[in-house]
Each structure stands twice: as C-alpha cells, then as structure tokens.
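Chain by chain, the residues:
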Amino acid sequence: MNQIHFDTSEIFYQLGIRDAVFSPGSRNAPLSISFSRHPKIHTRVVMDERSAGFIALGIAQQTKKPVVICCTSGTALLNYGPAIAEAFYSRTPLIILSGDRPSEWIDQWDGQTIQQQNIFRSFVKDFIQMPTSLDFKDARWAYNKKIVKGFHLANQSNIPIHLNFPFREPFYPEKNQKLEFSQDLEIIKSYPAQNQPNCENLINAWIKATNKIIIIGQDQLSNDCIDELTRLANQGIPIIADVISNGHNLTGLIQHHELFLDNKGLQDYLKPDLLLTFGKSIISKNLKLFIRKSIANQWHIDPQPELQDPFQRLNSIVEGNPEQVLNQLIDSGQQSQVFARYWKKAQDHTAQLLSQYKAPYSEFSAMKKVLQKIPKDIQIHLGNSMPVRYANFLGIPPHTGRIWSNRGTSGIDGSNGTAVGHVLSSNQLSLLLTGDLSFLYDHNAFFHNEDLSHMRIIVFNNFGGGIFDLISGPETFNTLEKNKFLISSHKKNLKHNTLDIGFKYHKCDKSTELNTLLTHFFEPSDKGKLLEIQTQQPINKQVYKTLKKIIYEYKFI
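Residues numbered from 1 in each chain as written. Predicted model: local features only at pLDDT ≥ 70, side-chain atom pairs only at ≥ 80, totals over all residues. Heavy atoms only, no water.

Asks: Before we go on, may I ask you to explain the overall build of the protein in this structure?
Replies: Regarding its fold elements, the protein presents 22 helices and 17 strands. Rg of the C-alpha trace for the protein: 25 Å, near the compact-globule value of 24 Å for 557 residues, within the 12% margin. Dimensions of the protein along its principal axes, counting C-alpha atoms only, are 80 × 60 × 45 Å. Within the protein, the proportion of its 557 residues that are buried is 57%. Put simply, 77% of the contacts in the protein that link residues at least 6 apart link residues at least 24 apart. (Helix = DSSP H or I, 4+ residues; strand = E, 2+ residues; numbered from the N terminus. Rg over C-alpha atoms; globule rule 2.2 N^0.38 Å. Buried < 20%, exposed > 50% of the residue type's maximum accessible area, 1.4 Å probe, protein only. Contact = heavy atoms within 4.5 Å.)

Put into structure tokens, the structure is as follows:
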C-alpha cells in the first residue's frame with residue numbers, strides 16, 4: 001500500500017476533520033484502511049450510501065464542521081446524490097471521497113465502473129480528480145495539495161466538494177507491511193478574513209422606512225443574534241420566523257403567519273415598506289405570496305451571497321453575518337407603532353384561536369399534544385410533508401433545543417438519516433417527528449451498530465401521503481388515481497419495522513392513550529423508542545380545513 005494513500009486521513013485530520021462516514025467496498029480500500037486506523041477521527045460505517053450521506057449531513061450540521069463521506073466505485077457513488085443535493089442547498093460542507101478505476105477502464109464493461117468525473121457537477125463547489133499514479137514526486141505533491149484545496153473549498157463555502165480517487169491494484173497492504181502516519185506532512189492552513197460589512201446604505205434606508213419587518217429563514221441563531229433581535233423587537237420591529245429558523249426563544253416572535261396571512265381582511269394592515277431578511281429557505285407559502293404582492297424593498301444579509309430571491313422583492317445585499325449587521329440598526333430610525341400593533345394583534349389572536357380550537361383526535365391534535373409534552377432542551381428533526389407544516393402552524397415551545405429539517409430540497413428521502421447524524425454527534429436527547437412514508441423510505445439509516453438509545457421517533461401514520469388530501473390540485477384526480485399515484489395508500493403498521501431496528505415500540509390510535517404514552521416516552525432507556533400515532537385521513541382533512549376556515553373568516557380588525 002502506498003504511503004501517501006495511507007497518509008490521507010492524517011492530512012484531513014491536520015486540516016480539521018474529526019468525523020467520517022464510510023460505506024463498505026473494495027475500490028476505496030486504501031482510504032478505508034487509512035481512516036479506520038486513525039485514532040483521532042471518528043469513522044462510522046453505514047452500508048447504504050444514500051443513508052450514509054444523510055447521516056454525515058446531520059453530523060456536519062451538528063458539529064458545524066466538514067464531514068468526510070467515502071464509498072467504492074460505480075453506482076455506490078450515485079446513491080450519495082440526494083444527500084449531496086440537500087447539503088448544497090442547505091449549505092452544509094460534505095467532502096465526498098470516491099474510489100474509482102483508472103481512466104483506461106471507463107466504459108469498457110469493467111465491473112463497478114461508470115463515468116464518475118463531475119458526476120455531481122450542479123451540486124458541488126468543485127470536482128477534483130486525484131492523481132492515478134504516485135510514482136513521481138510532483139504527483140505526490142499534487143495529491144497533498146488537491147486534498148488541502150478540497151477541504152478549504154468545502155470549509156469556506158459550506159458547499160460539498162468531490163474528490164475522485166482512481167486506484168490501481170494492488171491497493172491492500174502487503175503482508176507484514178508496517179503502516180504509520182508520516183510526521184513531516186506540509187499542510188497549508190487558511191483563515192477567513194474578518195471584514196466588517198458596509199451597512200451605510202442599509203442604515204439610511206432603515207432610518208427612512210416606518211413599516212419595517214425582519215424575516216428569518218432557516219438558520220441556527222447565535223446568542224448575539226438573539227440578543228440583537230430581541231432589542232429590535234422591543235423597539236417595535238416585527239420579527240417573523242418559520243419554525244426552522246430557530247427563533248422560538250425570541251420574545252414576541254411572530255410565528256403563526258402561515259395561518260393569519262390567509263385572512264384577506266388583515267393583509268392590507270400588515271404590508272411593510274422595508275423588509276430585512278437573513279437565513280435560507282422559508283416554509284410558509286402564504287408569507288412568500290404576501291411579500292411578493294407588496295411594494296417592500298428587501299435587503300438580504302448573507303455571508304456568501306448568491307442572489308436567491310424567493311420573495312421577488314430583492315433590492316440590495318449586505319455581505320456579512322447577521323449579528324454584524326443587526327447591531328448597527330439598533331436605535332436607528334422610527335417605527336410605526338400602529339403597524340407593529342397590527343402584527344402583534346394578528347399573532348396573539350391566532351394563538352388564542354389555536355388554543356380554543358377543540359379538534360377531535362387527528363394529526364393536528366396529536367402534534368399539538370406532542371409539542372406541549374416535549375421535555376426541555378430536546379432537539380427536534382422535523383420530517384417533510386405534514387410534520388414540519390403542523391409544527392410551523394402551532395409554533396415550537398420556547399424551552400425547546402435546536403430545530404432541524406431537510407429544507408434545502410425538502411425531500412422525504414433522508415429525514416431518518418439526518419436525524420441519526422444529529423444523535424451520533426450529540427449526547428442531547430433527540431426527537432424525530434416524521435410521517436409513515438418518510439420513515440419507511442429511509443429505513444436503512446438504522447442499519448449499523450451505533451448507539452441510538454437517546455433517540456426518540458414519533459411517526460404520524462395516516463397510511464399514505466396524507467398531504468395530497470390537504471393541498472389544492474390533487475382533487476382533480478379520481479379517487480383510484482389519487483390513492484395510487486399520489487397518496488400511495490397502504491395498510492402497514494410499524495411494529496415489525498421498529499423491532500427490526502432495535503427500538504422499543506409504542507402505538508397510539510386514540511386521544512385517551514396519548515397523554516399516558518408521552519409521559520414515559522422521553523424517559524431514559526437502554527434503547528431508542530418509537531411511538532406510532534395512527535390517524536384516519538378523512539378526519540385529518542376535516543380538522544385541517546375547519547382550522548383554516550376559522551382563521552380565514554376571523555375579524556382581526
């Protein structure tokens with residue numbers, strides 16, 4: 001085995017890598033040997049590359065550091081695709097290492113051989129082809145520098161990077177070969193510049209505007225950012241945030257906007273003249289439609305601006321971190337207190353309507369009860385489709401820990417894996433709230449030997465894709481078509497799936513059981529726990545429509 005191949009993990013370690021997720025294979029054996037023998041990199045093994053990619057995604061989000069994923073050649077690499085796309089759009093730094101055949105064997109019907117160069121071209125910061133032969137000094141020099149370049153590109157951009165390794169046989173160690181990491185590796189370190197953003201034009205616009213709002217997209221807020229947002233809220237600036245923004249600890253947060261912005265009689269009173277945004281994606285469709293119809297000038301704060309414009313109101317961008325910018329806006333300009341009171345009234349009245357609404361046993365009532373019962377400081381991963389939407393309607397209690405969700409691409413394919421990644425890189429109790437199809441889709445996220453005893457999963461099983469009963473459009477299908485092509489109706493419960501992954505199983509199909517089950521569900525255990533909440537979709541649909549009608553017809557003003 002070549003010494004520099006063995007040194008690969010040490011190069012990554014000196015750059016800052018502490019976690020790696022490998023999938024078994026032969027063509028990546030030199031990398032597997034290198035990482036498995038490194039005493040200071042935690043290398044986990046997950047068979048299914050699709051799940052492995054999402055688990056690495058969760059680890060990278062939790063640790064806020066790049067994570068290496070590595071697989072063998074061929075279609076194994078293609079299975080990383082969904083996780084890499086999610087990482088690209090959620091700005092999560094993954095470093096993909098793929099074993100490959102030498103170029104002369106590509107397209108020659110050789111086993112496990114496909115065209116791997118630039119295979120993820122639209123979803124990585126860069127593709128780097130590693131040297132095939134290391135017989136020359138320049139090739140060995142290039143090998144080191146290419147790894148260093150890949151790491152820094154991923155680390156500074158928060159976007160995945162792909163390094164492809166065409167290995168020639170033999171790539172296993174020779175008998176009795178002694179392998180030790182080199183002590184004289186040359187590593188180029190990189191330090192990002194700390195520039196103060198230029199906010200002069202924003203401050204001038206902020207001073208002139210009187211109906212200002214701040215919208216936070218998906219983000220993890222620093223303590224400084226929370227303090228500054230709190231001060232701005234106290235000065236009458238409405239702070240509007242979806243559940244994935246992690247703004248739930250902010251006093252006076254506007255978090256029921258998806259519901260009350262559907263009320264036509266209220267909208268004219270809430271129109272801003274200046275909109276300040278930061279963070280990534282927004283769940284609320286009503287919020288996006290509302291802002292698109294406004295005449296507000298939007299200023300967006302972004303340390304890595306790329307001109308995303310979901311509100312179609314983008315006027316200017318300030319390159320920097322939110323806390324650097326928000327600090328310069330405190331005590332600047334006047335805000336209409338009448339305008340601020342309209343937003344607060346909409347939030348408070350909607351919260352009261354939610355509290356008064358006595359829904360029958362359904363997904364909505366069950367989610368409401370779950371959120372009331374979750375323990376302090378638990379971190380939550382919200383699966384896509386209805387769980388993230390119900391949580392966004394209801395709002396997250398302020399004592400809750402961090403909120404995660406795969407909202408870069410909003411797919412259901414990796415919720416399990418990403419949540420497992422958070423569990424593996426944290427000692428904190430973690431809860432996955434997901435749907436039946438999402439849970440079944442990513443079942444291989446549990447096919448490994450890692451300890452998941454502090455993981456809790458609640459699956460809302462409506463026996464299909466119930467969201468297609470709640471959104472407009474699918475009603476044009478006839479019942480048979482909708483059940484087959486959209487809802488994917490089934491009759492499966494999750495008991496056997498749960499026992500198969502080694503979790504303790506609990507089931508609830510009526511409201512009288514839920515309180516008792518939740519009382520003990522979060523207690524410590526030597527195994528993970530799964531609670532299956534079974535509901536009937538016709539009732540879910542009626543509850544959802546009734547709630548929307550109550551708020552749509554309410555006289556806020």
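Asks: Help me understand the side chain of Asp 48, please; the structure alone is not making it clear to me.
Replies: Among the secondary structure elements, Asp 48 is positioned in the loop between strand E2 (42–45) and helix H4 (49–63). This buried residue, Asp 48, is left without a salt bridge; Arg 50 holds the nearest opposite charge, at 4.9 Å. A distance of 2.8 Å separates the side chain of Asp 48 from the backbone nitrogen of Arg 50, its partner in a polar contact. (Lys, Arg positive; Asp, Glu negative; His and termini not counted. Salt bridge = Lys/Arg side-chain N within 4 Å of Asp/Glu carboxyl O. Polar contact = N/O pair within 3.5 Å; in protein donor to acceptor, adjacent residues only side chain to side chain.)

Asks: When you look at the sheet that holds strand E9 (residues 274–278) in this model, what are you seeing that I'm missing?
Replies: Strand pairing in a sheet relies on backbone hydrogen bonds, with the paired strands running either antiparallel or parallel. One open sheet accounts for five strands, arranged E8-E7-E9-E10-E11; its pairing is parallel. Whereas interior strands pair on both sides, the edge strands pair on one side only; in this sheet they are strand E8 (239–241) and strand E11 (314–319). Going from strand to strand, the sheet's axes swing by 25 degrees on average, the running direction of each strand aside. In this sheet, E8 lies alongside strand E7 (residues 212–216) in parallel orientation, the contact comprising three bridges. (Pairing = 2+ DSSP bridges. Axes fitted to C-alpha atoms, helices over the stretch in contact; angles between N-to-C directions.)

Asks: Would you explain the packing of aromatic side chains in this entry?
Replies: Working definition: an aromatic ring pair is given by the centre-to-centre distance plus the angle between the planes. Scanning the entire structure with this criterion turns up 20 aromatic pairs. With a centroid separation of 5.8 Å and an interplanar angle of 20 degrees, the aromatic rings of Phe 165 and Phe 167 are classed as stacked. Both residues of the pair, Phe 165 and Phe 167, count as buried. A ring pair is formed by Tyr 357 and Phe 364, whose centres lie 5.9 Å apart and whose planes are at 50 degrees; its orientation type is tilted. Neither Tyr 357 nor Phe 364 differs from the other in exposure class; each is buried. A network of ring pairs unites the aromatic residues Tyr 357, Phe 364, Tyr 390, Phe 393 and Tyr 544 as a single cluster. The ring of Trp 206 has Lys 212 lying over it, and the distance from NZ or CZ to the ring centre is 5.2 Å. (Phe/Tyr/Trp six-rings, centres within 6.5 Å; stacked < 30°, edge-to-face > 60°. Lys NZ or Arg CZ within 6 Å of the ring centre and 35° of its normal.)

Asks: Teacher, can you tell me more about the pattern of salt bridges here?
Replies: In this structure the tally under the stated criterion is 16 salt bridges. Linking Asp 268 and Lys 271 is a salt bridge whose minimum nitrogen-to-oxygen distance equals 3.2 Å. A salt bridge links Asp 469 to Lys 482; the nearest nitrogen and oxygen atoms lie 2.8 Å apart. With Asp 469 in the loop between strand E15 (455–461) and helix H19 (479–487) and Lys 482 in helix H19, this residue pair connects regions lying 13 residues apart in the sequence. Owing to a relative accessible area of 15%, Asp 469 belongs among the buried residues under this scheme.

Asks: Is there a simple way to explain H19 in this structure?
Replies: Structurally, the start of H19 carries an N-cap: the backbone nitrogen of Leu 480 is 3.1 Å from a side-chain oxygen of Asn 478. Positioned one or two residues after H19, Ser 488 has a phi angle of 55 degrees, which is positive.

Asks: Got a minute to help me understand the layout of surface pockets in this structure?
Replies: If a probe as big as a water molecule is rolled over the atoms, it shows which places are left empty. The calculated volume of the largest pocket comes to roughly 1,600 Å³. Every residue lining the largest pocket is counted, 45 residues in all, and those nearest its centre are Asn 158, Asp 219, Pro 303, Gln 304 and Asn 321. Among the secondary structure elements, those contributing two or more residues to the lining of the largest pocket are H4, helix H6 (81–90), helix H7 (137–157), strand E10 (297–302), helix H13 (322–326) and strand E13 (403–404). In terms of residue class, the lining of the largest pocket is made up of 14 nonpolar, 21 polar and ten charged. (1 Å grid on protein atoms, 1.4 Å probe; cavity = no way out; pocket = protein on both sides within 12 Å on 5 of 7 lines; lining within 4 Å. Points joined across faces, edges and corners; volume = space filled by probe spheres on them. Nonpolar A, V, L, I, M, F, W, Y, C, P; charged D, E, K, R; others polar.)

Asks: I would appreciate a short explanation of helix H3 (residues 29–36) in the present structure.
Replies: Each turn of an α-helix holds 3.6 residues, which means side chains three or four residues apart point in the same direction. Of all eight residues in H3, six are buried, a share of seventy percent or more. Of the residues making up H3, those classed as buried are Ala 29, Pro 30, Leu 31, Ile 33, Ser 34 and Phe 35.

Asks: Can you walk me through the sheet that holds strand E5 (residues 127–129) in this structure?
Replies: With parallel pairing, six strands are arranged side by side in an open sheet as E2-E1-E3-E4-E6-E5. Strand pairing shows two members of the sheet lacking a second neighbour, E2 and E5, which therefore form its edges. Across the sheet, the axes of successive neighbouring strands diverge by a mean angle of 20 degrees, strand direction being ignored. As paired elements, strand E4 (residues 94–100) and strand E6 (residues 161–166) share six bridges and run parallel to each other. Of the residues in E6, the one forming a bridge with Ser 98 is Asn 164. Contacting strand E1 (19–22), E2, strand E3 (67–71) and E4, H4 crosses the sheet at an angle of about 170 degrees to E3. Contacting E4, E5 and E6, H7 runs over the sheet at an angle of about 160 degrees to E6.

Asks: I'm lost on the environment of Ser 438 in this one. Help?
Replies: Position of Ser 438 relative to the elements: it lies in helix H18 (residues 436–441). Sequence separation between Ser 438 and Val 459 is 21 residues; the distance between their C-alpha atoms is 8.9 Å. Residues contacting Ser 438, with those up to four places away along its chain left out, are Asn 384, Ile 412 and Asn 416.

Asks: Looking at this model, I keep getting lost on the side chain of Gln 304. Mind explaining?
Replies: Within the fold, Gln 304 resides in the loop between E10 and E11. Side-chain polar atoms of Gln 304 contact the backbone oxygen of Gln 156, separated by 2.4 Å. Excluding its chain neighbours within four sequence positions, the residues that come into contact with Gln 304 are Arg 91, Gln 156, Ser 157 and Asn 158.

Asks: Explanation requested: the pairing of E1 in the structure shown.
Replies: A two-sided burial pattern is seen for E1, the buried positions comprising Asp 19 and Val 21 on one face and Ala 20 and Phe 22 on the other. The sheet contact formed by E1 and E2 spans four bridges and is parallel. Bridge pairing in E2 places Val 21 opposite Arg 44. Crossover E1 to E2 through H3 is right-handed. As paired elements, E1 and E3 share three bridges and run parallel to each other. The residue of E3 that forms the bridge with Ala 20 is Val 68. (Right-handed = clockwise from strand over helix to strand, strands pointing away.)

Asks: What is the right way to read the nonpolar core from this model?
Replies: Buried together is how nonpolar side chains tend to be arranged in soluble globular proteins. Judged by nonpolar contacts, the single largest core of 61 residues is most densely connected at Phe 260, Trp 343, Leu 433, Ile 458 and Ile 533. Broken down by element, this core gets its largest block of residues, six residues, from helix H16 (residues 386–394). Ignoring any residue separated from it by four or fewer positions in sequence, one finds Leu 433 in contact with Met 367, Val 370, Leu 371, Ile 380, His 381, Leu 382, Gly 383, Pro 387, Ile 458 and Phe 460. (Core = buried A, V, L, I, M, F, W, Y, C linked by side-chain atoms within 4.5 Å.)

Asks: How do you make sense of empty space enclosed by the protein when you look at a structure like this?
Replies: Evaluation of the coordinates by the stated rule reveals three cavities of 30 Å³ or more. Looking at the largest cavity, its volume works out to about 60 Å³. Every residue lining the largest cavity is listed: Ala 241, Asp 242, Val 243, Ser 245, Gly 247, His 248, Leu 253, Gln 255, Ala 391, Asn 392, Gly 395 and Ile 396. Split into classes, the residues belonging to the lining of the largest cavity amount to five nonpolar, six polar and one charged. Here the second largest cavity is characterised by a volume of approximately 50 Å³. Surrounding the second largest cavity, Gln 379, Ile 380, His 381, Trp 404, Ala 419, His 422, Val 423, Ser 430, Leu 431, Leu 432 and Met 455 form its lining. Those elements that provide at least two residues to the lining of the second largest cavity are strand E12 (379–382), helix H17 (415–424) and strand E14 (430–435). Considering only residue class, the lining of the second largest cavity consists of seven nonpolar, four polar and no charged.

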